[in-house]
Amino acid sequence: MVRYIGRRLLQMIPVFIGATLLIYLMVFALPGDPIQALGGDRGLSPAVADQIRSQFNLDKPLIVQYLLFLKGIFTFDLGNSFSGQPIFDVVARAFPVTIKLALMALVIEAVLGVGIGFIAGLRKGGIFDGTVLLVSLVVIAVPTFVIGFVLQFFIGVKAGWLPPTVGGDVSLKSLLMPAIVLGAVSFAYVLRLTRTSVAENLSADYVRTATAKGLSRGRVVNVHVLRNSLIPVITFLGADLGALMGGAIVTEGIFNIAGVGGTLYQAIIRGEPSTVVTFVTILVVVYIIANLLVDLLYAVLDPRIRYA
């Protein structure tokens with residue numbers, strides 16, 4: 001197990017370098033000059049623009065800028081953003097909010113998606129199964145911002161059950177509705193994936209063998225069918241954690257959440273490579289760690305999997 005984890009950690013190195021370098025190059029490929037944009041309509045004088053470029057190392061070759069960025073990552077010194085704020089302070093404010101939001105969305109989609117999908121798979125072809133498939137298809141078809149505005153109006157404004165916006169209040173209650181909106185589409189996919197996996201495993205040979213051996217229906221379903229059906233679901237959930245954090249721009253905008261999505265969007269608009277790549281680097285690390293945990297969970301769900 002330790003050797004396996006060590007190998008996976010070594011695999012992170014080229015992924016980390018490749019992802020950060022690609023994002024760095026893409027940021028610089030954006031049209032416009034972010035330095036001149038700092039001056040607004042009047043622009044900046046050439047002397048001031050050159051001074052700012054020197055301050056942010058933008059006067060150096062691109063590869064040198066990237067190497068300096070990597071040095072800043074490993075020394076925890078990335079300097080300041082164009083607005084004058086330390087980049088790590090920006091990260092420290094934005095990421096805890098989005099992590100909490102993404103984890104809440106992940107729990108909602110995992111618990112409800114697996115639970116409802118499991119029941120639908122056991123009752124394949126019935127009224128409940130058909131209703132679940134129809135509702136999940138509607139959730140997938142409706143854009144996230146539409147779901148967000150509808151819930152915000154009826155649950156937040158009309159009913160008053162939950163706060164319609166978050167703002168500076170990042171309590172679990174205020175984040176509940178944004179978490180439901182953020183995880184709505186993933187919930188539908190988890191539901192359908194669980195339902196299909198359970199329905200297929202119910203007709204598998206090992207289920208018939210376990211039943212023939214005299215095992216109770218409950219043990220066959222809850223131990224054998226459920227554990228094997230969760231393997232593809234766990235794979236999806238592991239990859240979805242990073243996707244939820246990176247894809248929260250719309251949800252955070254609707255509910256006025258000062259998280260990763262809005263901060264990253266503003267950094268892209270302003271053309272701040274260090275800020276953008278720092279945020280993306282953390283998201284890459286989240287993806288890698290989530291996939292590592294998924295691989296380790298495989299051995300828990302399926303006893304046949306062993307890591308030498």
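For clarity, every value in this text was computed on a predicted model and none was experimentally measured. (Residues numbered from 1 in each chain as written. Predicted model: local features only at pLDDT ≥ 70, side-chain atom pairs only at ≥ 80, totals over all residues. Heavy atoms only, no water.)

Draft legend 1. Focus on the environment of Met 177. By the element assignment, Met 177 lies in helix 8 (residues 172-182). As a C-alpha pair, Met 177 and Leu 101 span 76 residues in sequence and 9.8 Å in three-dimensional space. Apart from the residues lying within four places of it in its own chain, the contact partners of Met 177 are Leu 151, Gln 152, Ile 155, Gly 156, Leu 162, Pro 163, Pro 164 and Phe 255. (Helix = DSSP H or I, 4+ residues; strand = E, 2+ residues; numbered from the N terminus. Contact = heavy atoms within 4.5 Å.)

Draft legend 2. The pattern of salt bridges, seen in detail. In this structure the tally under the stated criterion is 1 salt bridge. For Asp 129, the salt bridge identified is with Arg 195, shortest N-O distance 2.8 Å. In this pair, Asp 129 is assigned in helix 6 (residues 127-141) and Arg 195 in helix 9 (residues 184-202), connecting sequence segments 66 residues apart. Assessed through its relative accessible area of 3%, Asp 129 is described here as buried. For Arg 195, a relative accessible area of 13% translates into the label buried. (Salt bridge = Lys/Arg side-chain N within 4 Å of Asp/Glu carboxyl O. Buried < 20%, exposed > 50% of the residue type's maximum accessible area, 1.4 Å probe, protein only.)

Draft legend 3. Quick peek at helix 8. When we look at burial in helix 8, the residues that qualify are Ser 174, Leu 175, Met 177, Pro 178, Ala 179, Val 181 and Leu 182. On its buried face, helix 8 is in contact with helix 5 (87-122), helix 7 (144-158), helix 9, helix 11 (217-246) and helix 12 (249-254).

Draft legend 4. Summary view of the UniProt feature "transmembrane region" (unreviewed entry) in the protein. Within the UniProt annotation, "transmembrane region" (unreviewed entry) is assigned to residues 12-30, 101-120, 132-155, 175-193, 229-255 and 275-301. Taken end to end, residues 132-155 is 92% helix and 0% strand, and its two terminal C-alpha atoms sit 22 Å from one another. Taken end to end, residues 229-255 comprises 89% helix and 0% strand; its first and last C-alpha atoms sit 35 Å apart. (UniProt positions renumbered as here; feature names shortened; annotations may be inferred.)

Draft legend 5. View of the nonpolar core. Phe 69, Phe 95, Phe 255, Ile 257, Val 276 and Phe 279 are the most contacted members of the largest nonpolar core, which totals 60 residues. Broken down by secondary-structure element, the contributors of at least two residues to this core are helix 1 (2-29), helix 4 (62-75), helix 5, helix 8, helix 9, helix 11, helix 13 (260-270) and helix 14 (273-301). With 13 residues, the top contributor of residues to this core is helix 5. In this view, Ile 257 contacts Val 97, Leu 101, Val 166, Leu 175, Pro 178 and Glu 252; residues no more than four positions away in its chain are not counted. Val 207, Val 220, Val 221 and Val 225 belong to the second-largest nonpolar core, a separate cluster that totals 7 residues. (Core = buried A, V, L, I, M, F, W, Y, C linked by side-chain atoms within 4.5 Å.)

Draft legend 6. Layout of the packing of aromatic side chains. Counting across every chain of the model gives 4 aromatic pairs. Judged by centre distance (5.2 Å) and plane angle (35°), the rings of Phe 95 and Phe 279 are tilted. Of this pair, Phe 95 sits in helix 5 while Phe 279 is found in helix 14, placing the two residues 184 residues apart along the sequence. Exposure remark for Phe 279: the relative accessible area of 0% places this residue in the buried category. Both rings, one in Tyr 189 and one in Phe 236, keep their centres 6.4 Å apart while their planes meet at 55°; by these two values the pair is tilted. In this pair, Tyr 189 is assigned in helix 9 and Phe 236 in helix 11, connecting sequence segments 47 residues apart. A relative accessible area of 39% means that Tyr 189 is categorised as partly exposed. (Phe/Tyr/Trp six-rings, centres within 6.5 Å; stacked < 30°, edge-to-face > 60°.)

Draft legend 7. Layout of the layout of surface pockets. Space inside the largest pocket adds up to approximately 410 Å³. Along the wall of the largest pocket there are 22 residues; nearest its centre are Phe 56, Asn 57, Leu 78, Gly 79 and Ser 274. Mapped onto the lining of the largest pocket, the elements with two or more residues apiece are helix 4 and helix 14. Sorting elements by how many residues they give to the lining of the largest pocket places helix 4 first, with 6 residues. Looking at side-chain class alone, the lining of the largest pocket contains 9 nonpolar, 10 polar and 3 charged residues. (1 Å grid on protein atoms, 1.4 Å probe; cavity = no way out; pocket = protein on both sides within 12 Å on 5 of 7 lines; lining within 4 Å. Points joined across faces, edges and corners; volume = space filled by probe spheres on them. Nonpolar A, V, L, I, M, F, W, Y, C, P; charged D, E, K, R; others polar.)

Draft legend 8. Here's a closer look at the environment of Val 27. Locating Val 27 in the fold gives a position in helix 1. For Val 27, a relative accessible area of 11% gives the class buried. With 241 residues separating them in the primary sequence, Val 27 and Ile 268 have C-alpha atoms 7.2 Å apart.

Draft legend 9. Just a nonpolar patch on the surface, in detail. Together, Ile 63, Val 64, Leu 67 and Leu 68 line one region of the surface with nonpolar side chains, adding up to about 320 Å² of accessible area. In this fold, Leu 68 is placed in helix 4. (Patch = residues over 30% accessible without salt bridge, like charges linked within 9 Å, V, L, I, M, F, W, Y side chains within 5 Å. Areas by Shrake-Rupley, 256 points an atom, 1.4 Å probe, with all protein chains shown as cover.)

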